[in-house]
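Letter by letter, the chains look like this.
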Amino acid sequence: AGQIVSRGLWFHPQKSTSIWIPGGVLLALLLLRPKRDWPALTVGTIIGGALALMPLGAPYQNSYIGYAIICTAIAIAARALRGTSPMVFSSIRSFALYLLITVEALSAFSGWGTAVIVTGAGMTTNAFQTWLSVWPAQAMGFLLLTPPVLAVASAWQWPPRLSTVSILEASLLL
């Protein structure tokens, strides 16, 4: 769904989006969920993203390869970020590390991977120009989506724990 929304934000002639939603959401989910859930989240993102790109005429194998590379890089970044502190934004140092790892390095790498795969599929002729339009979109996803999702989740304590008092309050409202 995120890829379809991202596609709706495309601008021309480069056919690039202003924000890449799946990457920011996947990173947030990987940071929030236990590592045992990571394979399912990653594979789901790979399949969903590749299927969403098929109507554009992209060869399906290129879409799957591209998403597999990018999602693996996101998982590696999430692993590095989880090792720094329990909360990603608990200090200036951890926030700076987040910016360096995701907004700079991960976005540059995944943007280049996308550019190479799109160029290899014959959808564009200039990998560098494609990279220059894809990199900021991926950075915006990590910058504008992941931090709010993490902030809201930390306030809500996901998954919610139902206590006896909560059940009684809910039944009184009914």
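The present account deals with the structure reproduced in this document. Quantities reported herein were computed from a predicted structural model and do not represent experimental measurements.

**Remarks on the overall build of the protein**
Within the protein one finds 8 helices and 2 strands. Every one of the 174 residues in the protein was classed for burial, and the buried ones make up 39%. The contacts in the protein between residues at least 6 apart in sequence include a share of 64% that link residues at least 24 apart.

**Quick word on helix H2 (residues 21-32)**
The end-to-end C-alpha distance of H2, which contains 12 residues, comes to 17 Å, matching closely the 16 Å that a straight helix rising 1.5 Å per residue would cover. By the criterion of burial, H2 is predominantly enclosed, with 9 of the 12 residues buried. All buried positions along H2 are accounted for by Ile21, Pro22, Gly23, Gly24, Leu26, Leu27, Ala28, Leu30 and Leu31.

**Observations regarding the pattern of salt bridges**
Per the counting criterion, the structure on display carries 1 salt bridge. Measuring nitrogen to oxygen at the nearest pair gives 3.0 Å for the salt bridge that ties Arg33 to Asp37.

**Overview of the nonpolar core**
Formed by 24 residues in total, the largest nonpolar core has its most connected members in Leu27, Leu30, Ile74 and Phe142. Counting only elements with at least two residues in this core, the list comes to H2, helix H3 (38-53), helix H4 (60-82), helix H5 (92-120) and helix H6 (127-144). Residue contacts for Leu27: discarding those within four places in its chain leaves Ile74, Ala78, Leu81, Tyr98, Thr102, Phe142 and Thr146.

**Focus: the side chain of Ser110**
When you line up the elements, Ser110 lands in helix H5. Residue Ser110 is classed as buried on the basis of its relative accessible area of 1%. At a separation of 2.3 Å, a polar atom in the side chain of Ser110 contacts the side chain of Gln138. Not counting chain neighbours up to four residues away, the residues in contact with Ser110 comprise Ile70 and Gln138.

**Observations regarding the packing of aromatic side chains**
Under the defined criterion, the tally for this structure stands at 4 aromatic pairs. When the centroid spacing of 5.9 Å and the interplanar angle of 50° are considered together, the rings of Trp20 and Tyr67 count as tilted. Here Tyr67 lies in helix H4 and Trp20 lies in the loop between strand E2 (16-17) and H2, a separation of 47 residues in the sequence. For the pair shown, Trp20 and Tyr67 are each scored as buried. Taken together through their ring pairs, the aromatic side chains of Trp112, Phe128, Trp131 and Trp135 make up a single cluster.

**Thoughts on the packing of H5 against H6**
Running from N to C, H5 and H6 point in directions that differ by 140°, and their axes come no closer than 7 Å. Comparing their axes, H6 and H5 come out oblique. Where H5 crosses over H6, the two elements pack in a sense that is right-handed. For the contact of H5 with H6, the per-class residue count stands at 15 nonpolar, 8 polar and 1 charged.

Calculation notes
- Residues numbered from 1 in each chain as written.
- Predicted model: local features only at pLDDT ≥ 70, side-chain atom pairs only at ≥ 80, totals over all residues.
- Heavy atoms only, no water.
- Helix = DSSP H or I, 4+ residues; strand = E, 2+ residues; numbered from the N terminus.
- Buried < 20%, exposed > 50% of the residue type's maximum accessible area, 1.4 Å probe, protein only.
- Contact = heavy atoms within 4.5 Å.
- Expected span 1.5 Å × (residues − 1).
- Salt bridge = Lys/Arg side-chain N within 4 Å of Asp/Glu carboxyl O.
- Core = buried A, V, L, I, M, F, W, Y, C linked by side-chain atoms within 4.5 Å.
- Polar contact = N/O pair within 3.5 Å; in protein donor to acceptor, adjacent residues only side chain to side chain.
- Phe/Tyr/Trp six-rings, centres within 6.5 Å; stacked < 30°, edge-to-face > 60°.
- Axes fitted to C-alpha atoms, helices over the stretch in contact; angles between N-to-C directions.
- Parallel < 35°, antiparallel > 145°, perpendicular 65-115°, else oblique.
- Left-handed = near helix turned anticlockwise from the far one by under 90°.
- Nonpolar A, V, L, I, M, F, W, Y, C, P; charged D, E, K, R; others polar.

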